[in-house]
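Residues per chain, in single letters:
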Amino acid sequence: MKKAVLEIMCQRKRFPDITLLTYFDVLDEKCTYHHPIDKFNNPCPARKNGFITYGGDFFPCDFLRYSCERFFCGNILDTSFATIWNKSQNLKKFQSLKHIKCQKCKFYMKSCYGGCISGTIASSNDVDDALCFAQN
């Protein structure tokens, strides 16, 4: 685990514009990496950030770490972060996902960005939130 933490710290210095969310950040009292609830009305941060487990496994979002191989992008202890970020097919697939039902809604991309796509995939295996209260 220590090796993975040191590698993450090194990668944060090399790629300062990318937020790498980890368990030890979420548990820290001074956590600045986890997006607060009042910012959920913005496009998904997982499209430009990442999540790394203690073991070095990289996923687009912490919600997707239980998705088995579907959203596993690589391990930073086995493959460089730059290679994972630039060449992972699973990461590219995730980043290209789009809300389908939401695009027809009058609120989409105005006051709502379709909600958390990662949370919706993790809970329902779909890109659109079935519990959305807006009238389409």
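This write-up is about the structure you can find in this document. Bear in mind the structure is a predicted one, so any value in this text is a computation, not a measurement.

Each value, and the rule that gives it
- Residues numbered from 1 in each chain as written.
- Predicted model: local features only at pLDDT ≥ 70, side-chain atom pairs only at ≥ 80, totals over all residues.
- Heavy atoms only, no water.
- Helix = DSSP H or I, 4+ residues; strand = E, 2+ residues; numbered from the N terminus.
- Buried < 20%, exposed > 50% of the residue type's maximum accessible area, 1.4 Å probe, protein only.
- Contact = heavy atoms within 4.5 Å.
- Areas by Shrake-Rupley, 256 points an atom, 1.4 Å probe, with all protein chains shown as cover.
- Phe/Tyr/Trp six-rings, centres within 6.5 Å; stacked < 30°, edge-to-face > 60°.

Right, let's get into the overall build of the protein chain. Counting its regular elements, the protein chain contains five helices and four strands. Listed N to C, the secondary structure of the protein chain is α-β-α-β-β-β-α-α-α in terms of helices and strands. When each of the 136 residues of the protein chain is scored for burial, the buried share is 36%. Taking all contacts inside the protein chain whose residues are at least 6 apart in sequence as the whole, residues at least 24 apart take part in 51%. With the model as given, the accessible surface of the protein chain reaches about 8700 Å², and the carbon-plus-sulfur share is 57%.

Let us now look at the environment of A130. With respect to the secondary-structure elements, A130 resides in the segment after α5 (117-124). We classify A130 as exposed; its relative accessible area is 67%. The sequence separation of A130 and T120 amounts to 10 residues, and the corresponding C-alpha distance is 8.3 Å.

The description of two aromatic rings rests on the distance between their centres and on the angle between their planes. Following the criterion strictly, the structure yields six aromatic pairs and no others. Between the aromatic rings of F58 and F81, the centroid separation amounts to 5.8 Å while the plane-to-plane angle is 65 degrees, which identifies the pairing as edge-to-face. Here F81 lies in helix α3 (residues 81-87) and F58 lies in strand β3 (residues 57-59), a separation of 23 residues in the sequence. Both residues of the pair, F58 and F81, count as buried. Residues F59 and F72 carry aromatic rings whose centres are separated by 5.8 Å and whose planes lie at 65 degrees to one another, so their mutual orientation is edge-to-face. On the criterion of sequence distance, the pair formed by F59 in strand β3 and F72 in the loop between β3 and β4 (74-75) is long-range, its members being 13 residues apart. Among the aromatic residues, ring-to-ring pairing joins F15, F58, F81 and W85 into one connected group.

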